[in-house]
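Architecture and fold: a report
Chain residues, written in single-letter form:
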Amino acid sequence: MAMVQSRNLKYRVWTARIVMWLFLLVILFPFFMIISVSLRTGNFATGSLIPENPSLEHWYLALGIPWENADGSITQPPFPVLTWLWNSIKVAITSSAMILILATTGAYAFARLRFRFKQQMLTAMMILQMFPAVLALVAIYSLFDQIGDYIPWLGLDSLGSVTLAYLGGMALHIWLIKGYFETIDNSLEEAAAIDGATPWQAFRFVLLPLSVPILAVVFILAFIASIAEYPVASVLLQSMDNLTLAVGSRQYLNPQNYLWGDFAAAAVLSGLPITVIFLACQRWIVGGLTSGGVKG
Amino acid sequence: MAEVKLVSISKSYDQGKTWTLKDINLNIDNGEFIAFIGPSGCGKSTLLRMICGLEDITSGELSINGERVNDRPPNERRAGMVFQSYALYPHMSVAENMAFGLKLAKAKKDVIDERVGEAARILQLQALLERKPKAMSGGQRQRVAIGRSIVQQPRVFLFDEPLSNLDVALRVQMRQEIARLHRRLKTTSIYVTHDQVEAMTLADHIVVLSPLAQDATTNLEQVGKPLELYHHPANLFVAGFIGSPKMNFFDGVIEQNGEEESRIRLTTGESLKAYVNTSKADIGVRVILGIRPEHTLAETDNGNSVDGRIEALERLGAESFIYMSHDTIREHFIVRVEDSLRREEGSRIRVELPPEHCYLFDAKGIAFRRTRAPEIDH
Amino acid sequence: MSSSRISIKSPSAYLVIAIVALIDLVLLYGVTLMYAQGELAFAILVLILAAVGSWVFISKKGYNYRYVYPSLLGVVTFIVFPLIYTVNVAFTNYSSNHLLSLDRVRAIHLAKTWRTGGESFSFKMYREGPNFRLMLSSASRATGEHYLTEPFPETSEPLKLKAYVSTHVPTGAELPIREVIKKRSTLKRLDIVLPNGTGLAMTSLRKFGAIAKVYRPDDRIDREYPEQNYALIDNRTGETIYPDMATGYYTNSDGSEQIGPGFTIYTGWDNFTRVFTDPGIQGPFLKIFAWTVIFSALSVVFTLIIGLLLACLVQWEPLKGNGIYRLLLILPYAVPAFISILIFRGLFNQNFGEINLLLDLLFGVKPEWFSNELLAKSMVVIVNTWLGYPYMMILSIGLLKSIPDDLYEASAIDGATPVQNLFHITIPMIIKPLTPLLIASFAFNFNNLVLIALLTDGAPDMLHATTPAGATDILVSYTFRIAFGSYGQDYGLASAIATVIFLMVGFIAWVNLKATRQLQ
């Protein structure tokens, strides 16, 4: 705004700035703290924000390297953090890719093709996406118990089962992509059909290249949702080496075995890449959230 | 190159509850340029989209070169189409846009290059081949859209109101380009428009469609050469639709019938002579008399005239239009004069309706044959 | 060119048919397997899905469904089916005590054995190449005479072995006791038949003894008790036991004794009745329901207020460096929630937590964040607000951008203050598009299991609750603990509560749909 501003603007700006920085200080306090904790010695030491005698003990353990204590004893890494991180990434990439493929083709049908019960299916999808998978966990558990009898790598305690279970999150993304498709002029695909394209070719060579932005948003949203998912994974996965990060991290803060320092290092180590991905894609995600939200 | 034949084509979007098009029969000869014209909602675009396969045909038979193509998807019909919105692929350059169809058909690279080059030359697009559609003007995009269908060497060219997004000057220029293109390629073309000037100037034959009335058996009103529609409209609808400004209509009854000339008594009592053949109609039946504004003569009275009050005057310089009130007409009737009239609004004048320019329609709107109008070969 | 366009079945069409045929073959094999195992419902379901899928991908009429079928299949399998299944389970007593079907329980009973007493044999185990052989001897036998079994491999399946009388000692090496213990899983599966027909099974680490089946099927059909096809006769007492379809256990004839394990039965509205009448469930349920609503509402209100104010501030142009502020403010949203929640769990720890250290230093207090009900609830809301405000901020920024500048210019001419602007322009302009999003946010928090499970796990616990319930539990975490907690897993009850929540969420979804429609 190029409006003429009143004279006390300067004071207002400074007040706003101070309020903002104080707020940020409070908000970011946990992050400063966790970095500081990860550099402390031992799991029970308390201390100031800047550790008095920093040690890389927790970082070694988080990276899976045994740590030699000052008294010569060796501490083994308590948990396979890197394995968990790798599990989470595998599950997230596979499930997001599958969601992307299924949601895109589904959204195409809903946006462009004519078939019976389309409107009813869409409304059902809208309502269904609000039911959390958490509530149907008993059913999901039994479902994968059954599947496991025939296909062991999709049974309980397999990463395959978690990957598959996450496909339930697809309904929301179908709506998101459908909304985007509808903003693309239908006559482009008609032109492709006239040019001799089959419906599949029109979809593949015309609609898809034009939809890359929303596809990226959906992939990132699905990826992040999958990384952060806790309930389904906690029920389906059991053995230590199969856990995802979200389920595994909880093990650190058991009242019986309280590994605060080790957790801090593991949290920073595993949280950092995901945070960086999110911040890097921030603009797209924000766009996707607002447009998807407003369009319903 | 192809002949297109439509036999009793109908279209309904709701399983026959309501119809958009009914019983359309057409024979389009090889190399012909046909225009579909009609007000919005008459189904002209739908008919075009049915020919290229973008809409399915509810009933009837469509054949191209004698082969029934009702159930063929668009990609198997070999029709080229130019869309109103151009529908250029935004992520492809001009060259890629034009080559897309050939690539799908797995044409060889030198064939593609040759055809794209040829089309670019014809349409003067050589300098723009690497541009994206976003970076081009409306006229240029239109040319690319045409080029895209040319390179496919389609059997039929279809145009769906291609010029309606252009400004007036560009529209005239593109209209001439399309005419030139058709003379050169001689491909069968079907052109949908709501602009009668485009239809009259471009088409060999014009197909007039009307919005389907409740109980009508068809909404195909007339097929004919441009001047045939002007001089011998088949019915009231065509008479009212072709010509600008619109034809004036007066209610009346036949006072005296005949093969060569007839006499009509308007509901206001004026008795008018018209050169139309009414020998098959009885005296006293209700009719509608029509006359085009450009054929009326203001302030002349050779005995075949009506009296009216000037309601409004539009002076355009070269010509003027007088909007007059007359008791048989609910709205105004329009009179064209070349020089500006000295009379003021509110004054009354007589207007001569020369009998050789009169049209006559029966109560159902069917035209009587005019006897002294120019004859046009069908 | 023209030929490829006119032919309908292109090579790729044949490829599709081939792939569909291949998938169908695999599925048919699976269906046969399922049918053979008695999973009739599953077999039919897969068969139908496969048939529909094949039609969709081969028939020309099914073309439009080709794109939607896979995603619909996903939605049906992973949302609709679990939903129906859950509602179904709600009407059963499915739980850790009633895990199996009646058929399976009957099979378990029929497999039960008991030591008939009499002779017991000590044994030695010999290795013979890859196989083993047992030598069984007993005190009552003449010295030097014993039974030898046939050779047998290591196995995980039940194995029937014949034994014969012999005076020879096997030629292989005798296994030391430590090795024998390692092989006990194989030994436990052996069923050794002596020449006189007596069956022997391992009874202790050093002994084999005579065993017999506890139950045999009751094949008389004239008895007047329910489910008589399933009745069993106790070989020891001759007493008949039969499945009690009211309790889900086998009982003896007068019903005085229940014999585990239980089986799954339909119990009608029992679970629902329990939810609304059993004081140990109804009490916690209502409290938890109230807290869930309060928690969700407070979360929405706080995140909205903070998010909206920050959005206004960040959008305010005189405040420079807005991009950096925005980035830092989004940070709590960017870090995966499960990590932040666990960080807070540590920070709020009563003894080692940094928050209490700070409070102790400043004010000399150490609040009991996890054992005081009110403090625990405040903590949950504080953490959730921290987690959720960036989302509201992002949404608000998007909506604020859509308000035309000239409205503020006009109000500036009228001399409005920033606060007046907020209440008279900003909020009225964005509240309509925001409403469905707020409802969605409410529904999300209503079901925010991750927060509760990772932060407090419901703590502090409620007293007088039949199933574990805590003061900070929300409905989903309560349900989750009933189903998958460490004490007695009652799937039936959990499903009943889940069904009730389904209805509530369904209602919220419906309201949201209305709100969205109204917006359009």
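Residues numbered from 1 in each chain as written. Chains lettered and ligands numbered in written order. Predicted model: local features only at pLDDT ≥ 70, side-chain atom pairs only at ≥ 80, totals over all residues. Heavy atoms only, no water.

So, on to the nonpolar core. In this structure, Tyr 252 and Phe 263 of chain A, Leu 6, Ile 24, Phe 36 and Leu 158 of chain B together with Leu 451 of chain C are the most contacted members of the largest nonpolar core, which totals 240 residues. Tyr 252 of chain A has contacts with Pro 78, Phe 79, Val 81, Trp 84, Asn 257, Tyr 258, Leu 259, Asp 262, Phe 263 and Ala 266 of chain A, leaving out every residue within four places of it along the chain. In this structure, Val 144, Phe 157, Ala 199 and Tyr 230 of chain B belong to the second largest nonpolar core, which totals 44 residues. (Core = buried A, V, L, I, M, F, W, Y, C linked by side-chain atoms within 4.5 Å. Buried < 20%, exposed > 50% of the residue type's maximum accessible area, 1.4 Å probe, protein only. Contact = heavy atoms within 4.5 Å.)

Our focus in this paragraph is the interface of chain A and chain C. If you look at the interface, chain A gives 97 residues, while chain C gives 102 residues. Between chain A and chain C, a total of about 8800 Å² is buried, with carbon and sulfur atoms accounting for 79% of that surface. Of all residues in chain A, Met 130, Leu 135 and Tyr 150 of chain A give up the largest surface area on contact with chain C, accounting jointly for 8% of the area buried on that side. The interface formed by chain A and chain C includes 14 residue pairs in polar contact (both at pLDDT 80 or more). Considering every element that reaches the side of chain A that touches chain C, the biggest residue donor is helix 1 (residues 9-38) of chain A, with 17 residues. Its residues assigned to classes, the side of chain A that touches chain C comprises 71 nonpolar, 17 polar and 9 charged. (Buried area = accessible area lost by both parts, 1.4 Å probe. Polar contact = N/O pair within 3.5 Å; in protein donor to acceptor, adjacent residues only side chain to side chain. Helix = DSSP H or I, 4+ residues; strand = E, 2+ residues; numbered from the N terminus. Nonpolar A, V, L, I, M, F, W, Y, C, P; charged D, E, K, R; others polar.)

All names here are of chain B. Here Glu 177 is to be found in helix 5 (residues 168-185). Here Arg 143 takes part through its side chain, which lies 3.1 Å from a polar atom of the side chain of Glu 177. If we skip the residues at most four places from it in the chain, Glu 177 touches Leu 123 and Arg 143.

Another point: a positive patch on the surface. On the surface, Arg 180, Arg 183, Arg 184 and Lys 186 of chain B cluster together to form a positively charged patch. Within the element layout of this structure, Arg 184 of chain B appears in helix 5. (Patch = residues over 30% accessible without salt bridge, like charges linked within 9 Å, V, L, I, M, F, W, Y side chains within 5 Å. Areas by Shrake-Rupley, 256 points an atom, 1.4 Å probe, with all protein chains shown as cover. Salt bridge = Lys/Arg side-chain N within 4 Å of Asp/Glu carboxyl O. Lys, Arg positive; Asp, Glu negative; His and termini not counted. Charge placed at Lys NZ, Arg CZ, Asp CG, Glu CD.)

A few words on the sheet that holds strand 16 (residues 297-298) of chain B. All names here are of chain B. Pairing within the open sheet is antiparallel, and its 5 strands lie in the order 16-20-17-18-19. The open sheet has two edge strands with one neighbour each: strand 16 and strand 19 (332-337). The pairing of strand 16 with strand 20 (residues 348-352) spans 2 bridges and is classified as antiparallel. Its bridge partner lying in strand 20, Ala 298 is registered against Val 351. (Pairing = 2+ DSSP bridges.)

Our focus in this paragraph is the side chain of His 146 of chain C. Residues and elements named next belong to chain C. On the secondary structure map, His 146 appears in strand 3 (residues 146-149). In this structure His 146 comes out as buried when scored by relative accessible area, which is 6%. Separated by 2.6 Å, the side chain of His 146 and the backbone oxygen of His 168 make a polar contact. When residues no more than four places from it in sequence are discounted, the contact partners of His 146 are Met 135, Leu 136, Ser 137, Tyr 164, Val 165, Ser 166, Thr 167, His 168 and Val 169.

Going through the model one piece at a time under the given rule, you end up with 31 salt bridges over all chains. One salt bridge connects Asp 457 of chain C with Arg 250 of chain A, and the closest N-O pair in it is separated by 3.2 Å. Placement of Asp 457 of chain C in the loop between helix 17 (449-455) and helix 18 (475-484) and of Arg 250 of chain A in the loop between helix 12 (245-248) and strand 3 (253-254) is noted, with the two residues assigned to different chains. What makes Asp 457 of chain C partly exposed here is its relative accessible area of 33%. Two residues, Arg 336 of chain B and Glu 319 of chain B, come together in a salt bridge whose shortest N-O distance is 2.9 Å. Here Arg 336 of chain B, found in strand 19, pairs with Glu 319 of chain B, found in the loop between strand 17 (305-315) and strand 18 (320-325); they are 17 residues apart in sequence, far enough to count as distant. On the basis of relative accessibility, which here comes to 23%, the residue Glu 319 of chain B falls in the partly exposed class. Each of the salt bridges in this network shares a partner with another, and the network as a whole consists of Glu 190 of chain A together with Lys 11, Arg 49, Glu 55 and Asp 56 of chain B.

Any two aromatic rings considered together are summarised by their centre-to-centre distance and by the angle between their planes. Inspection of the entire model under this criterion finds 50 aromatic pairs over all chains. Three or more aromatic residues link up through ring pairs in this structure, and these residues are Phe 79, Trp 84, Tyr 252, Tyr 258, Trp 260 and Phe 263 of chain A. Its end group placed over the ring of Tyr 89 of chain B, Arg 148 of chain B keeps NZ or CZ at 4.7 Å from the ring centre. Over the ring of Tyr 230 of chain B we find Arg 292 of chain B, and its NZ or CZ is 4.2 Å from the ring centre. (Phe/Tyr/Trp six-rings, centres within 6.5 Å; stacked < 30°, edge-to-face > 60°. Lys NZ or Arg CZ within 6 Å of the ring centre and 35° of its normal.)

Residue and element names in this part refer to chain C. Strands sit in the order 9-10-11-12-13 across an open sheet of 5 strands; the sheet is antiparallel. The outermost strands of the open sheet, each flanked by one partner alone, are strand 9 (215-217) and strand 13 (258-259). Summarising the sheet, strand 11 (residues 240-244) and strand 12 (residues 249-252) pair through 4 bridges and their orientation is antiparallel. By the bridge assignment, Asp 244 is partnered in strand 12 with Tyr 249.

So, about the pairing of strand 20 of chain B. Summarising the sheet, strand 17 of chain B and strand 20 of chain B pair through 5 bridges and their orientation is antiparallel. What sits directly across from Val 306 of chain B, in strand 20 of chain B, is Val 351 of chain B.

All right, on to the environment of Thr 385 of chain C then. Residue and element names in this part refer to chain C. With respect to the helices and strands, the residue Thr 385 is situated in helix 14 (residues 373-401). Thr 385 sits in the buried class, given a relative accessible area of 8%. Distance in space between the C-alpha atoms of Thr 385 and Leu 83 is 30 Å, their sequence separation being 302 residues.

Now for helix 10 (residues 279-315) of chain C. A rise of 1.5 Å per residue sets the reference length of helix 10 of chain C, with its 37 residues, at 54 Å; its end C-alpha atoms lie 53 Å apart and thus fit the reference within 8%. Sitting at the amino-terminal end of helix 10 of chain C is Asp 278 of chain C, which places a side-chain oxygen 2.8 Å from the backbone nitrogen of Gly 280 of chain C. (Expected span 1.5 Å × (residues − 1).)

Our focus in this paragraph is the confidence of the model for chain A. Residues and elements named next belong to chain A. This prediction gives chain A a mean pLDDT of 85; 92% of its residues lie at or above 70. Here helix 14 (residues 282-295) is the element of chain A with the lowest mean pLDDT, 60, and helix 6 (residues 159-165) is the one with the highest, 93. Counted against residues more than four places away or in other chains, residues 292-296, with its pLDDT under 50, gives 12 contacts. (pLDDT = per-residue confidence, 0-100.)

This next bit is on a nonpolar patch on the surface. On the surface, a cluster of nonpolar side chains totalling about 650 Å² of accessible area is made up of Trp 14, Ile 18, Leu 22, Leu 25, Val 26 and Phe 32 of chain A. Position of Val 26 of chain A relative to the elements: it lies in helix 1.

Residue and element names in this part refer to chain C. Running from amino to carboxyl end, helix 10 crosses helix 16 (residues 418-446) at an angle of 140°, the nearest separation of the two axes being 10 Å. The angle between the axes of helix 10 and helix 16 places the two elements in the oblique class. With respect to the hand of their crossing, helix 10 and helix 16 are arranged in right-handed fashion. For the pair formed by helix 10 and helix 16, the contact residues are Phe 289, Thr 292, Val 293, Phe 295, Ser 296, Ala 297, Ser 299, Val 300, Leu 304, Leu 308, Leu 309 and Cys 312 on the first element and Leu 422, Ile 427, Ile 430, Leu 434, Leu 438, Ser 441, Phe 442, Asn 445 and Phe 446 on the second. (Axes fitted to C-alpha atoms, helices over the stretch in contact; angles between N-to-C directions. Parallel < 35°, antiparallel > 145°, perpendicular 65-115°, else oblique. Left-handed = near helix turned anticlockwise from the far one by under 90°.)

Okay, unusual backbone geometry next. The amide bond that connects Ser 244 of chain B to the next residue, Pro 245 of chain B, takes the cis arrangement and shows omega of -5°. Omega for the bond connecting Ala 459 of chain C with Pro 460 of chain C falls within 30 degrees of zero, at -5°, which places this linkage in the cis form. Along the polypeptide, Pro 460 of chain C turns up in the loop between helix 17 and helix 18. A positive phi angle, near 60°, is found at Asp 157 of chain A, a position not held by glycine.

On to the packing of helix 4 (residues 118-128) of chain A against helix 7 (residues 170-182) of chain A. Residues and elements named next belong to chain A. Where helix 4 contacts helix 7, the axes come no closer than 8 Å and their chain directions differ by 125°. On the basis of their axis angle, the class for helix 4 and helix 7 is oblique. The two elements helix 4 and helix 7 cross, and the hand of that crossing is left-handed. Every residue of helix 7 that contacts helix 4 at Leu 122, Met 125 and Met 126 is listed here: Ala 171, Ile 174, Trp 175 and Lys 178. Considered class by class, the residues forming the contact of helix 4 with helix 7 number 6 nonpolar, no polar and 1 charged.

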